[in-house]
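What follows is the residue order along each chain.
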Amino acid sequence: MVKETTLSLNNLIQPLFLVDGNQIKETISSLPVAKRFSLDMMLVEIQECINLGIVNFILFPSIPEAKKDKIASYSYSEDNFYLQAANTIKAQFGAAIILISDVAMDPYNIDGHDGYVEDGKILNDVTLPILNKMAIAQAEAGFDILGPSDMMDGRIGSIRERLDTHGFSDTSIMSYTAKYCSALYGPFRDALDSAPKAGDKKTYQMDPANKREALFEAQLDDIEGADFLMVKPALHYLDIIHVLKEKFTKPIAAYHVSGECAMLCAAVQNGWLNYQHVMPETLMCLRRAGVDALITYFAKEYALFQANKPSEWI
Ligand code: PBG
């Protein structure tokens, strides 16, 4: 009667890693709850999720090194297996699912950065046209929501305008608004082999010491046309989630990232924490802090837990 917060399966977004090939379902050692799927196996996984009530998915491609270059040209190339896969997934499931894509150069960039690199510097304004092309290619492939995760300045306005002028005014933008330069992305970079080859992401991702800057980033994204404002990572940044929820009217998303998930998995594997208690508590606390749309590697696991079915990774 007095419970203040509820967590619905509709709030949850399941990340899925895609690899080129057939019959592939590989485990990722630093992220035991997640897997890399080839398209055929991913279609099965998506159907299983739908059966459990999980209908929102964010996809990430693992790109072979040979396809990477300085301008991430494979990201908008006609033969891109990731874009083709999105097309097939949408053709099969249509409006029964929401398909989200990351927009950033890092999976396709030979330098491993989210932006264009010249002489060791990440060039903001040179990156924007590349992101625009990537966004159009993803919208054409059928993605419902684009998630610019690159943290370049001005990219939300730039992508919004490009989408609108190309007939994609219905494609939404879930902006990675306050994306911190965090050490918690390690297992994700293992999953995609996408770590920066040199340097770090401090010149474009946010300083974990800053909160007022998150408000400034949110103001810009709000004005530039973002449909969602995202905070990432999640648990260490509950105060940021809270303040954005209070000050803005757009839906708030959060990314409960790979490192947060890995910490929990490691403690569970060691028998130090009780999975059936700590996993739902974690997701509920993120809801309580103000998250509307929660990206978490535990989305399907939470649905299994709700349905009294066994976990798939323990
Ligand atoms: C790419 C991207 C990253 C994540 C999501 N999109 C990695 C990074 O910025 O280095 C991390 C997600 C996770 O750790 O689960 N721009």
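Relevant structure appears above.
No experiment lies behind these values; they were computed from the predicted model shown. (Residues numbered from 1 in each chain as written. Predicted model: local features only at pLDDT ≥ 70, side-chain atom pairs only at ≥ 80, totals over all residues. Heavy atoms only, no water.)

**Things to note about empty space enclosed by the protein**
Here is step 1: Inspection of every chain in the model, using the stated rule, returns two cavities of 30 Å³ or more.
Here is step 2: The space that makes up the largest cavity amounts to roughly 140 Å³.
Here is step 3: Every residue lining the largest cavity is counted, 19 residues in all, and those nearest its centre are Asp106, Lys179, Tyr185, Phe188 and Lys232.
Here is step 4: Of all elements in the fold, only β9 (172-179) and α5 (186-192) reach the threshold of two or more residues within the lining of the largest cavity.
Here is step 5: For the lining of the largest cavity, the class distribution of residues is eight nonpolar, four polar and seven charged.
Here is step 6: By volume, the second largest cavity amounts to about 70 Å³.
Here is step 7: Looking at the lining of the second largest cavity, the elements that each hand over two or more residues are β4 (56-61), β5 (98-103), α3 (124-141) and α5. (1 Å grid on protein atoms, 1.4 Å probe; cavity = no way out; pocket = protein on both sides within 12 Å on 5 of 7 lines; lining within 4 Å. Points joined across faces, edges and corners; volume = space filled by probe spheres on them. Helix = DSSP H or I, 4+ residues; strand = E, 2+ residues; numbered from the N terminus. Nonpolar A, V, L, I, M, F, W, Y, C, P; charged D, E, K, R; others polar.)

**Some points on the site of the ligand**
Here is step 1: Every one of the 18 residues lining the ligand counts as a neighbour, but Lys179, Arg189, Lys232, Ser258 and Tyr297 are closest to it.
Here is step 2: Between aspartate 114 and the ligand, the recorded distance is 2.9 Å, taken from a side-chain N or O atom to a nitrogen atom.
Here is step 3: A distance of 2.9 Å separates a nitrogen atom of the ligand from a polar side-chain atom of serine 149.
Here is step 4: In isolation the ligand exposes 410 Å². Once the protein is present, 100% of that is buried.
Here is step 5: Placement of the ligand is best described as lying within the largest cavity.
Here is step 6: Looking at side-chain class alone, the shell around the ligand contains eight nonpolar, three polar and seven charged residues. (Near = heavy atom within 4 Å. Polar contact = N/O pair within 3.5 Å; in protein donor to acceptor, adjacent residues only side chain to side chain. Areas by Shrake-Rupley, 256 points an atom, 1.4 Å probe, with all protein chains shown as cover. Sits in = over half its atoms within 2 Å of the grid points.)

**Describing the pattern of salt bridges**
Here is step 1: Inspection of the entire model under this criterion finds 18 salt bridges.
Here is step 2: Notably, a salt bridge pairs lysine 300 with glutamate 45, separated by 3.2 Å at the nearest N-O pair. Here glutamate 45 lies in helix α1 (residues 39-52) and lysine 300 lies in helix α10 (residues 299-306), a separation of 255 residues in the sequence.
Here is step 3: A salt bridge links aspartate 111 to lysine 70; the shortest N-O distance between them is 2.8 Å. Note that aspartate 111 is positioned in the loop between β5 and β6 (116-118) and lysine 70 in the loop between β4 and α2 (81-93), a separation of 41 residues in sequence.
Here is step 4: Aspartate 111 sits in the buried class, given a relative accessible area of 17%.
Here is step 5: Each of Glu45, Glu48, Lys300 and Glu312 takes part in a single network of salt bridges with overlapping partners. (Salt bridge = Lys/Arg side-chain N within 4 Å of Asp/Glu carboxyl O. Buried < 20%, exposed > 50% of the residue type's maximum accessible area, 1.4 Å probe, protein only.)

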